[in-house]
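Okay, here's what each chain looks like letter by letter:
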Amino acid sequence: MADAVFLAISVLTIGSAIAALEVRSLIYGSISLMGTLGGIAGYFLLLDSPFVAMFQIAVYIGSIAVLILFTVMLVRRQLIFFKVEDKRRRYAGVGLMLVMMVALGAIILSSGIKTIQTDAPPIDFRTIGEDFLTYYWPALVLMALILASSVIGALTLARREDIENEQRTN
Amino acid sequence: MSNELIDFVIVSIALLAIGIYGVSVKRNAIRMLFAIEIIINAANLNLVAFARYIPNSKGQTFALFSIAIAAAEVAVGLALIVVAYRMYKNVDIAEFRSLKG
């Protein structure tokens, strides 16, 4: 059975995930998204993976959530509270969510993983570093290239050509 | 450890379902990005949970890769939203009708 810490983190994670999608203001929504991401980091700590947890906090809460917050502040004020929703589409979405939960839950419960517990020692982060630098080094290099190209792509996409042309003509 | 694998998997299923609800219902582009983030996090939780209980180091490695790729995806996605907002003065995805630059 799950312990109290697990239940507390579950309430935080799932509650703030729902809040992130349903709160009226996008700013509060992005702050709730931070709660979800932090809750996931808490799960990683419970799973004895402190390295992944630290990575999650650094990358997700430290950069992605802050990036989203700044983008939300860049859009116009009335769009922050913008909400157009079809009532029927909403009910269909809730139905899809429940069907998905029940179906996947039934599949998982009928599989054999019901009572898996482990006494194995947690994996040391040195092993992960070794994995990265021996077997997965091409993937690591590729990931670095993807990150660099995505940053360059984002900068070129968001560049304002009209302002630049104005400055050039002046 | 008193937690079982099934607990983490059930939380991950719940997050996945919430994320799919968000992607299918919301029309605000930034909210859809939130939903995609929630789905990616559910996947990462699954990876790390199975890696802990098998036990295996590969799951954590993949989770780290996935987090890094998600960061790249969000940077590009937000840049696209900013560009679309500048063109249409709106973040409603139903309004983004043309691919013309």
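Just so it is clear, the model here is predicted, and its values are computed rather than measured.

**Concerning the packing of helix α2 (residues 26-46) of chain A against helix α3 (residues 50-74) of chain A**
Residue and element names in this part refer to chain A.
Thought 1: Where α2 meets α3, the closest approach of the two axes is 9 Å, and the angle between their N-to-C directions is 175°. Judged by the angle between their axes, α2 and α3 are roughly antiparallel. Packed against α2, whose contacting residues are Leu26, Ile27, Ser30, Leu33, Met34, Leu37, Gly38, Ile40, Ala41, Phe44 and Leu45, the element α3 presents Pro50, Val52, Ala53, Gln56, Ile57, Tyr60, Ile61, Ala65, Ile68, Leu69 and Val72 at the interface.
Thought 2: Across the contact of α2 with α3, the residue classes break down as 19 nonpolar, 3 polar and no charged.

**Observations concerning the domain arrangement of chain A**
Thought 1: Annotation of chain A at the domain level lists domain 1 (1-83) and domain 2 (125-170).
Thought 2: Each of domain 1 of chain A and domain 2 of chain A has a C-alpha centre, and the two are 24 Å apart.

**Describing the interface of chain A and chain B**
Thought 1: Residue-level contacts link 74 residues of chain A with 63 residues of chain B.
Thought 2: Secondary-structure elements contributing two or more residues to the side of chain A that touches chain B are α1 (4-22), α2, α3, α5 (87-110), α6 (125-133) and α7 (137-158) of chain A.
Thought 3: The element best represented in the side of chain A that touches chain B is α3(A), accounting for 12 residues.
Thought 4: Across the side of chain A that touches chain B, the residue classes tally to 51 nonpolar, 16 polar and 7 charged.

The rules behind the values
Residues numbered from 1 in each chain as written. Chains lettered and ligands numbered in written order. Predicted model: local features only at pLDDT ≥ 70, side-chain atom pairs only at ≥ 80, totals over all residues. Axes fitted to C-alpha atoms, helices over the stretch in contact; angles between N-to-C directions. Helix = DSSP H or I, 4+ residues; strand = E, 2+ residues; numbered from the N terminus. Parallel < 35°, antiparallel > 145°, perpendicular 65-115°, else oblique. Contact = placed C-beta atoms within 7 Å. Nonpolar A, V, L, I, M, F, W, Y, C, P; charged D, E, K, R; others polar. Domains from an automatic or database assignment.

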